[in-house]
Amino acid sequence: MTQPSAEPAQQTLRVLLAKPRGFCAGVVRAISIVEQAIERYGSPVYVRHEIVHNRHVVENLRSKGAVFVDELTDIPDGALTVFSAHGVARSVEDEARERALPVIDATCPLVTKVHVQGRRYAKGGRTLLLIGHRGHAEVDGTMGQIDGPIHLVQSVDDVAKLDMPDDTPLAYVTQTTLSVDDTRDIIAALKARFTNLDGPDVSEICYATQNRQTAVRSLARESDVLIVVGSVTSSNSNRLREIGTEMGVPSYLVDDGNDIDPAWIEGAKTVGLTAGASAPDELVDSVIAALSRLRLVEVAQLPGEEEHLNFSMPPELRYREPRPPRINPAHRSAPVHQTVASSPANNQTEKSA
Ligand code: SF4
């Protein structure tokens, strides 16, 4: 007679990974800038705001000698200063210049590209509309980069509230962490109301945001539960979780594997796992490890977009011989060239920002 087994047979949990997920080219560049600045010029290196919105990344850089501050007034005279990937307002650049702070600018070239677009429209006499979220560091930076009138548009409802004639010469630009899907309805509402509106092709704003959102939609369709790795301060990570929720899948944002609640996966056959553009892949591994402690796990990855984009380093770090950081990249007007490894799958080939 066979003895009944003490434990019920454990059902294998399928963990399905999104592709692409995690670090984008702008985040890789920003982190490398801080690491190389410390290596080349010594610590401490002062970084205005979180270099990218991820707690683990910030803590790791802090352990290497980075000091994160809210404002330039927190930085001692003469100390090497790094601007975060989100960009800064001109007033911040001016303040750094007035104080003769040596600056290395880690603003993502795709954010700089939005600044350049906005300045071009403003110079052409257009009132600027920035589609984005109030309070985000990138929005503060972009609003402060434009000479001339600029209005923040956060929703379709805001379009009707814009207090200006319908034939006002206008142009829009968008926050890079918003995808084509996020901006579509707002742009449609702007076009429906205003008769003299210009704007860029938003599909080219940020390849990483679009690719991660497209991937999470495919993932959510296959998943009983969705887990997004990213910090609560990360706009694009929050958006990935929201997309899962909008698609009717219970979706959770976690910093790492320690945040996993066993109740989330009770009865689940497939867990979808992805990461925001500022979340390192080792945190995805920590989530897989946490799930493995709860259930037998089988890991697979959905097919998705290949990404091969790289951004060149700023001149202060690009050359073998150390060059002293400049006193601020004076109101950048020259294009920033990005280097791109060619790939037919790459939907954002060579660009100037
Ligand atoms: Fe740059 Fe896009 Fe990454 Fe933001 S999400 S840092 S804009 S590549």
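No experiment lies behind these values; they were computed from the predicted model shown.

Cut-off values and rules
- Residues numbered from 1 in each chain as written.
- Predicted model: local features only at pLDDT ≥ 70, side-chain atom pairs only at ≥ 80, totals over all residues.
- Helix = DSSP H or I, 4+ residues; strand = E, 2+ residues; numbered from the N terminus.
- Buried ≥ 20, exposed ≤ 12 C-beta atoms within 10 Å, placed from the backbone.
- Contact = placed C-beta atoms within 7 Å.
- Expected span 1.5 Å × (residues − 1).
- Pairing = 2+ DSSP bridges.
- Axes fitted to C-alpha atoms, helices over the stretch in contact; angles between N-to-C directions.
- Near = placed C-beta within 6 Å.
- Nonpolar A, V, L, I, M, F, W, Y, C, P; charged D, E, K, R; others polar.
- Arc of directions from axis to C-beta.
- Core = buried A, V, L, I, M, F, W, Y, C linked by C-beta atoms within 7 Å.

## Observations concerning the overall build of the protein
Right, so step 1: Along the protein, the regular secondary structure elements total 11 helices and 15 strands.
Right, so step 2: Burial status across the protein gives 45% buried among its 353 residues.
Right, so step 3: Once local pairs closer than 6 in sequence are excluded, the contacts in the protein between residues at least 24 apart make up 75%.

## Some points on helix α9 (residues 235–246)
Right, so step 1: Taking 1.5 Å as the rise per residue, α9 with 12 residues should run 16 Å; its terminal C-alpha atoms sit 16 Å apart, in good agreement.
Right, so step 2: Listing the buried residues of α9 in full gives S235, N236, S237, R239, L240, R241, I243 and G244.
Right, so step 3: Of the surrounding elements, those touching the buried residues of α9 are α8 (207–222), β10 (225–229), β11 (251–254) and β12 (270–275).
Right, so step 4: Residue G248 follows α9 closely and has a positive phi angle near 85°.

## Observations concerning the sheet that holds strand β13 (residues 297–301)
Right, so step 1: One open sheet accounts for 5 strands, arranged β11-β10-β12-β1-β13; its pairing is parallel. What marks the edges here is a single partner per strand, and that holds for β11 and β13. Averaged over all adjacent pairs, the angle separating strand axes in this sheet is 25°, with direction ignored.
Right, so step 2: Here β10 pairs with β12 via 5 bridges, running parallel. Bridged to V229 within β12 is A275.
Right, so step 3: Packed onto the sheet, α8 meets β1 (13–17), β10 and β12 and runs at close to 170° relative to β12.
Right, so step 4: Across the face of the sheet, α9 comes into contact with β10, β11 and β12 while running at roughly 165° to β11.

## A few points about the site of the ligand
Right, so step 1: Among the 15 residues in the neighbourhood of the ligand, the closest are listed as C24, G26, C108, T176 and C206.
Right, so step 2: Taken together, the elements giving at least two residues each to the shell around the ligand come down to α1 (25–41), α4 (109–123) and α8.
Right, so step 3: Counting residues per element, the shell around the ligand draws most heavily on α1, at 3 residues.
Right, so step 4: When its residues are assigned to classes, the shell around the ligand shows 10 nonpolar, 5 polar and no charged.

## Regarding the environment of A25
Right, so step 1: Relative to the assigned elements, A25 resides in helix α1.
Right, so step 2: Judged by the 23 C-beta atoms lying within 10 Å of it, A25 is buried.
Right, so step 3: Residues A25 and S278, 253 residues apart in the sequence, show an inter-C-alpha distance of 9.9 Å.
Right, so step 4: Those residues in contact with A25 that lie beyond four places of it in its chain are A208, L309, N310 and F311.

## Observations regarding the sheet that holds strand β2 (residues 45–48)
Right, so step 1: Pairing is parallel in the open sheet, where 4 strands are placed in the order β3-β2-β4-β5. What marks the edges here is a single partner per strand, and that holds for β3 (66–69) and β5 (103–105). On average, each strand axis in the sheet is inclined to that of its neighbour by 25°, with strand direction left out of account.
Right, so step 2: Both β2 and strand β4 (residues 81–83) contribute to a ladder of 3 bridges, which runs parallel. What sits directly across from R48, in β4, is F83.
Right, so step 3: Relative to the sheet, α1 contacts β2, β3, β4 and β5, its axis offset from that of β2 by approximately 155°.

## Remarks on helix α3 (residues 90–98)
Right, so step 1: Every buried residue belonging to α3 is among V92, E93 and A96, and all of these are buried. Looking straight down α3, one finds that the buried residues subtend no more than 100° of arc, so they occupy a single side. Set apart from the buried face of α3 by more than 90 degrees, the exposed residues are S91 and E98.
Right, so step 2: On its buried face, α3 sits against β4 and β5.

## What about unusual backbone geometry?
Glycine aside, residues mostly have negative phi angles, and peptide bonds mostly take the trans form.
Right, so step 1: Of note, the bond from K19 into P20 is cis; its omega dihedral lies within 30 degrees of zero at 0°.
Right, so step 2: In this structure, P20 sits in the loop between β1 and α1.
Right, so step 3: One non-glycine residue, H49, lies in positive phi territory at about 70°.
Right, so step 4: Looking at H49, the number of C-beta atoms within 10 Å reads 22, which means it is buried.
Right, so step 5: Of note, the phi angle at A100 is positive, near 55°, even though the residue is not glycine.

## Describing the nonpolar core
Right, so step 1: In this structure, A30, V34, I51 and V82 are the most contacted members of the largest nonpolar core, which totals 61 residues.
Right, so step 2: Sequence-distant contacts of I51, that is, excluding residues within four places in its chain, are made with A30, I31, V34, V57, V58, L61, V82, S84, A85 and A106.
Right, so step 3: Of all hydrophobic cores here, the second largest spans 28 residues; its members include V229, I243, V254 and A290.

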